[in-house]
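Listed below are the residues making up each chain.
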Amino acid sequence: MRRTGRRRDTPQDARSALAKGTISNAERELYGGRLRYDQSYVRHVGPLTRLSFRHMAAALPRMVALVLRTGWQTDRRAMAGVVAAQLGQGVTAAWGLVAVNSVLTDLFAEGPTADRLREALPSLAVLAATAVVAALLMAWSTAMSGRLEPQVERAVSARYYTAVTRVELEATERPEVQRVLEAGRFGTDSARSMLMLSVGVGNVLISMVAAAVVLASLHWMLLPMLLVIALPKGWGAVSSARREYVSKLHWIDHRRAIASLLGFLTRPHAQGEIRVHAAGTKLLSSYEEMSHQTEAEQRRLAHAQASTDLVAGAFAGIASLACYGVLWWLLADGSLPLAVGGTAVLAIRASTARLTSLVQQVNRLYEELLFLTDTEDAIALASENAIPTTGTPLPARVHQVRVDNVSYTYPGADSPALQNVSLRVRRGEVTALVGANGSGKTTLTKVLSGLLLPPDGNVWWQGAEGSDQVDLRDANRAEIFAMVGLLAQDFPRWEMTAAANVAIGAGDRVRDMGRVKSAALSAGVLKLIESLRHGWDSIVYKGYERGVQLSGGQWQKLGTARSLYRGAPFLLVDEPTSALDPHAEIAAFEGLWSLAEEGHAVVLVTHRLAATANADRIYVLDQGRVAEEGTHGQLMALPDGIYRGMFTAQAAQYGANTPAVPSQTEHVTTPKSVKGAPQ
Ligand SMILES: Nc1ncnc2c1ncn2[C@@H]1O[C@H](COP(=O)(O)OP(=O)(O)OP(=O)(O)O)[C@@H](O)[C@H]1O
């Protein structure tokens, strides 16, 4: 006899199938195997596929406590309303059963039918009243939970997002922290779902308990009968839920791969290669292959699911048969009145009918609990690594930032990004940072802006006296951030209006359109924005109503306008002109110089050395060290200097002559480590 049809897949079987088989050639070719997320829910695969009766029962009190606590902290009245409505429904369910029993007793009594019906009328009225009260309580519960759910979601989301945006940048660079913070994102709406599911679960559980109490009070044998029918049904439902989860899991990698592949087919930036390189042909044929394979997989799962349902159904059927047999025997024996027998049948049917949905809901509750736990962990970790909200106030008027022997290594990096770096940034001056790719310029701007706290060395924020100074580590960071304006290389391009993109430069201030426009004028983007059909209300991202597509250079001007709008005393700009045309570039640099004349400190990171010629001080970084420093003239005076070499190479592209090395080099400061530098 073949037994394959009876074999049930265990979660382990399914997981090993996931691991080895059912990966199409297309997936191997395009993704190197399964396209799996390195995300939180992958961690939960184990617990969810091991889900059992015991696990669920053990987790249920924790889940209920969590929901009650979260709801209570958010809106006490609504939470109390939900709980009261649930308990009330339990009581009405019990009253309903008692009324049913009484109606049946009256109906099955001796005497003429008309008399029996009259006798049953009061109980029928109670039955009708309990139905009305149950409906009212259900409506109340819906209203209260509807009021509570969005509040709970907002409370958890706000706590999570507030916490993660306050984490030290350095901590977010650590993969283990990054992972936990990222994982927390998936549980922000779990509290809401848990509340919703808890109402459903509570409803069924309370009505089951009510049925159990009534049955036990009618005859002691009825309670074990309810359990005997409920248990196999519950077991079947748990198995189905677990199988469904494993199946969903199996599906999800394929679905993700297919969705990612189809997404590319319509993504604007891929359209050229889709047509010219025949990338579209490759993606479509891979889609066909992957779809065939997932269809086959679905068929296999459907068959397995059907077998499980059959087994679970058979067990439940046998249990019911046995119970109804006992009921028959009790009735025949005369130890159970006919009316009580009828009530028992009704109660058993009503309380086991929703068992499958109960198990599915508990299963989802458990899943949501895992995600919510992630969010709580993320909030706790974010709080441990938060930027302190207190610290020593900065001097009344900060005049310069002095960096002394600072070294910094990114978490997990093999070599330091900065090594014994010393420099100063003064107000009223343009300080240029130059050097090869990866030499540490951007890292240094992060230190200067107070985003990174170097473990070695000091970053002094100094007043005019020089003696009134505060070290970055002790300083009130909010005050430092308030002093700094950033224009990063990869500055954010907010998918919002043009006005919002500028005004967000001072997100904590009320928008001042006059200043927005004057910043845009200085950045050379005012005319462009005002010529758009929707002007400042244009959304600077195509694909939305009022959306427009800006070029790279236009974006860079908008980014510059944002940092100008901020109007901070210390402006750190990283490659602000890389996408600008020559005229716009000249104008942008002129703008920076005039800011310095107004008393701002400008730190300019650039590879355009023509612009650094007028900088007040240039620092040349090489492998995280300051290799040379001085003015353009002084650095050009170093015969084998790095700066001179870079400047000469750029100038040669334009056919410009390199100036001769001047004879006097006494003002040039070069660290001893620089080869060939005059001592
Ligand atoms: N987040 C990071 N995690 C690990 N290493 C990093 C990180 N950011 C930068 N680095 C490393 O630190 C070094 C300095 O990088 P940085 O971005 O400061 O260089 P840069 O001078 O600004 O380069 P570029 O001119 O290319 O912008 C590089 O070796 C880089 O690989």
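Computed from a predicted model, the values in this text were never measured in an experiment. (Residues numbered from 1 in each chain as written. Predicted model: local features only at pLDDT ≥ 70, side-chain atom pairs only at ≥ 80, totals over all residues.)

### Structural notes on the sheet that holds strand β2 (residues 418-426)
So, step 1. Overall, antiparallel pairing links the four strands, which are arranged β2-β1-β4-β5 in an open sheet. Both outer strands of the open sheet, β2 and β5 (469-471), are each paired with one neighbouring strand and no more. Geometrically, the sheet is characterised by an average inter-axis angle of 15° between neighbouring strands, direction not taken into account.
So, step 2. Strand direction decides the pairing type here: strand β4 (residues 456-463) and β5, joined by three bridges, are antiparallel. By the bridge assignment for β5, tryptophan 460 is matched with aspartate 471.
So, step 3. Sheet strands touched by helix α16 (residues 441-448): β1 (398-408), β2 and β4. Its angle to β1, the strand with the most contacts, is close to 125°. (Pairing = 2+ DSSP bridges. Helix = DSSP H or I, 4+ residues; strand = E, 2+ residues; numbered from the N terminus. Axes fitted to C-alpha atoms, helices over the stretch in contact; angles between N-to-C directions. Contact = placed C-beta atoms within 7 Å.)

### Focus on the site of the ligand
So, step 1. The local shell around the ligand holds 13 residues, among which Tyr410, Ala417, Asn437, Thr442 and Thr443 are the closest.
So, step 2. Per-element accounting of the shell around the ligand gives the leading share, three residues, to α16. (Near = placed C-beta within 6 Å.)

### Some words on the packing of helix α6 (residues 76-107) against helix α10 (residues 190-218)
So, step 1. Two elements in contact, α6 and α10, have axes whose closest approach is 9 Å; the angle formed by their N-to-C orientations is 35°. Seen from above, α6 lies across α10 with right-handed handedness. Note on element contacts: α10 touches α6 through Val199, Gly202, Asn203, Ile206, Ser207, Val209, Ala210, Ala211, Val213, Val214 and Leu218, opposite Val82, Gln86, Leu87, Gln89, Gly90, Ala93, Ala94, Leu97, Val98 and Asn101. (Left-handed = near helix turned anticlockwise from the far one by under 90°.)

### A word on the environment of alanine 520
So, step 1. Relative to the helices and strands, alanine 520 is located in helix α19 (residues 513-523).
So, step 2. Given 27 C-beta atoms within 10 Å, alanine 520 falls into the buried group.
So, step 3. Taking the C-alpha atoms as reference, alanine 520 lies 77 Å from alanine 99; in sequence the two are 421 residues apart.
So, step 4. Sequence-distant contacts of alanine 520, defined by excluding residues within four places in its chain, comprise Val502, Val525, Leu526, Ile529 and Ala561. (Buried ≥ 20, exposed ≤ 12 C-beta atoms within 10 Å, placed from the backbone.)

### Description of the sheet that holds strand β8 (residues 601-605)
So, step 1. The sheet built from six strands is open, its strands ordered β6-β7-β8-β3-β9-β10 with mixed pairing. Every other strand in the sheet has two partners, leaving β6 (484-487) and β10 (625-630) as the edge strands with one partner each. The mean angle between the axes of side-by-side strands here comes to 15°, regardless of whether they run parallel or antiparallel.
So, step 2. In this structure, strand β9 (residues 617-622) lies alongside β10, joined through five bridges in antiparallel fashion. Following the sheet pairing, aspartate 622 is matched in β10 by arginine 625.
So, step 3. Seen against the sheet, helix α21 (residues 552-566) touches β6 and β7 (570-574) and runs at an angle of roughly 180° to β6.
So, step 4. Strand contacts of helix α22 (residues 582-597): β3 (430-435), β7 and β8, with the helix running at about 150° to β8, the strand carrying the most contacts.

### Structural notes on the nonpolar core
What tends to happen in soluble globular proteins is that the nonpolar side chains get buried as a cluster.
So, step 1. Judged by nonpolar contacts, the single largest core of 58 residues is most densely connected at Leu592, Val602, Leu604 and Val620.
So, step 2. Ranked by size, the runner-up nonpolar core spans 40 residues in total, among them Val156, Val167, Ala191 and Leu355. (Core = buried A, V, L, I, M, F, W, Y, C linked by C-beta atoms within 7 Å.)

### Details of α19
So, step 1. Where α19 is concerned, the buried positions are Val516, Ala519, Ala520, Ser522 and Ala523. All buried residues of α19 fall inside an arc of 160° around its axis, so they share one side.
So, step 2. Those residues of α19 hidden inside the fold are in contact with α18 (498-503), α20 (526-531), α21 and α22.
So, step 3. Count one or two residues on from α19 and you reach glycine 524, which has phi positive near 80°. (Arc of directions from axis to C-beta.)

### Some remarks on the domain arrangement of the protein
So, step 1. The assigned domain composition of the protein is domain 1 (7-384), domain 2 (389-489 + 575-679) and domain 3 (494-568).
So, step 2. Those elements that provide at least two residues to the side of domain 2 that touches domain 3 are β6 and α22.
So, step 3. Considered class by class, the residues forming the side of domain 2 that touches domain 3 number ten nonpolar, two polar and one charged. (Domains from an automatic or database assignment. Nonpolar A, V, L, I, M, F, W, Y, C, P; charged D, E, K, R; others polar.)

### Observations concerning the pairing of β8
So, step 1. Among the five residues in β8, five count as buried, and that is most of the element.
So, step 2. Side chains Ala601, Val603 and Val605 project from β8 onto one buried face, and the interleaved Val602 and Leu604 project onto a second face that is buried too.
So, step 3. Sheet topology places β3 next to β8; four bridges connect them, and they run parallel. Each residue of the ladder has a partner; that of valine 430, found in β8, is valine 602.

### A closer look at the pairing of β6
So, step 1. Alternating positions in β6 separate into two faces, Val484 and Leu486 on one and Gly485 and Leu487 on the other, with burial throughout.
So, step 2. Note that β6 and β7 share four bridges and pair parallel. Within the sheet, the bridge partner assigned to valine 484 lies in β7 and is phenylalanine 570.

### Some remarks on α16
So, step 1. The buried fraction of α16 amounts to seven of the eight residues, a majority that puts the element mostly inside the structure.
So, step 2. Of all the positions in α16, only Lys441, Thr443, Leu444, Thr445, Lys446, Val447 and Leu448 are classed as buried.
So, step 3. Residue glycine 450 follows α16 closely and has a positive phi angle near 85°.

### Looking at the confidence of the model for the protein
So, step 1. Across the protein, the average pLDDT comes to 82, with 87% of residues at 70 or higher.
So, step 2. The least confident element of the protein is helix α1 (residues 11-19), whose mean pLDDT is 43; the most confident is β9, at 96.
So, step 3. With pTM at 0.75, the complex prediction returns an ipTM value of 0.98. (pLDDT = per-residue confidence, 0-100.)

### Comments concerning unusual backbone geometry
Excluding glycine, residues mostly carry a negative phi; peptide bonds, for their part, are mostly trans.
So, step 1. A positive phi angle is found at alanine 278, which is not glycine, with a value near 60°.
So, step 2. Topologically, alanine 278 is positioned in the loop between α12 (271-276) and α13 (279-333).
So, step 3. Of note, the phi angle at glutamine 623 is positive, near 50°, even though the residue is not glycine.
So, step 4. Here glutamine 623 lies in the loop between β9 and β10.

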